[in-house]
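Summary of structural features
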Amino acid sequence: MTYGALLAVGAIALAAITTPTFGNGVPTLVDTCGVESSSAGETILVTADIIDTYDENSPILNCISITHDDVTLDCQGYRLTQVGVGRARAVWAEGDRVTVQNCEVRDWLNGVVYWETGDGVILNNKLVANRWGIGLILSDGAWVEGNKVDATENGGVQIFQSSSSWIYDNTVHGSGFAGILLNDPWSGGGSDGNFVIDNQVNLNGLHGILLADDSGSNTVFGNTANLNEGIGIAVRG
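Remember, it's a predicted structure, so these values are computed and weren't measured experimentally.

Cut-offs used in this document
- Residues numbered from 1 in each chain as written.
- Predicted model: local features only at pLDDT ≥ 70, side-chain atom pairs only at ≥ 80, totals over all residues.
- Heavy atoms only, no water.
- Helix = DSSP H or I, 4+ residues; strand = E, 2+ residues; numbered from the N terminus.
- Buried < 20%, exposed > 50% of the residue type's maximum accessible area, 1.4 Å probe, protein only.
- Phe/Tyr/Trp six-rings, centres within 6.5 Å; stacked < 30°, edge-to-face > 60°.
- pLDDT = per-residue confidence, 0-100.
- Contact = heavy atoms within 4.5 Å.

Some remarks on the environment of V235
Tracing the backbone through its elements, the reader meets V235 in strand β25 (residues 233-236). Exposure remark for V235: the relative accessible area of 69% places this residue in the exposed category. Sequence spacing of V235 and L182 is 53 residues, and the spatial spacing of their C-alpha atoms is 9.6 Å.

Below is the structure:
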């Protein structure tokens, strides 16, 4: 299959996944941390900038948790900002077909994390000065497009033991480790069958794009990887 055909297939899949749904017809409005999805098909709208001054005695680890299928979180351009050492993650998702879009995420330990999800979408977000940026962990079939990830202490976009995902048209600059990392830190089985296409991955502290731990059968095409401390596109192990 040609690159153009692959891109067309991905675009059709994205259009199908991101059609807004409102569950019972009424979106959930959010202006504070400590929120968890309540039902499948829910739409969560952030309505103001959120500044989280976390109480270290609180058992809540995430600013916004999505634990149901077919949920859309739309920050509508508002910021989720962490002040000081606090919650582990700005956005945590573990449902299938979850969409997170239009969020600005600053100063968190982890920005947006998908855990054991299927067919998720991470679209048009901005992540700045987090320890880790976007993470797909044990999550297959995701579409990650149009995100800007800047000044991440470790990796910008991490694909951990995940397959069949599209990492398309993202900008990842100034990460302390690799800009885009595909690996398997647990079993060494790698992340296979992913598409890393048309990303801008520059000025990162290690490599621009790193495929490690026997990550195989991935398509890496049309990326710009300049002025990284290591190699632009590297394969290791």
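Right, picking up where we left off after that structure.
Considering the packing of aromatic side chains
This structure, assessed with the given rule, holds 4 aromatic pairs. Note on W143 and W166: the rings are 5.2 Å apart at their centroids and 20 degrees apart in plane angle, and the pair reads as stacked. Of the two residues, W143 sits in strand β15 (residues 143-145) while W166 sits in strand β18 (residues 166-168), which places them 23 residues apart along the sequence. Note on accessibility: W143 and W166 belong to one class, buried.

Here we look at the confidence of the model for the chain
Detail in the predicted coordinates should be disregarded across regions flagged by low pLDDT. Model confidence for the chain is summarised by a mean pLDDT of 89, while 86% of its residues fall at 70 or above. Scored below 50 in pLDDT, residues 1-9 makes 10 contacts in the model with residues more than four places away or belonging to other chains. In this model residues 11-22 is a low-confidence stretch, pLDDT under 50, and it forms 16 contacts with partners more than four residues away in sequence or in other chains.

Some details on unusual backbone geometry
Trans peptide bonds make up the majority, and among non-glycine residues the majority have a negative phi. The phi torsion at D107 lies on the positive side, around 70 degrees, for a residue other than glycine. In this structure, D107 sits in the loop between β10 (104-106) and β11 (110-115). We classify D107 as partly exposed; its relative accessible area is 38%. Even without being a glycine, A129 presents a positive backbone phi close to 60 degrees.

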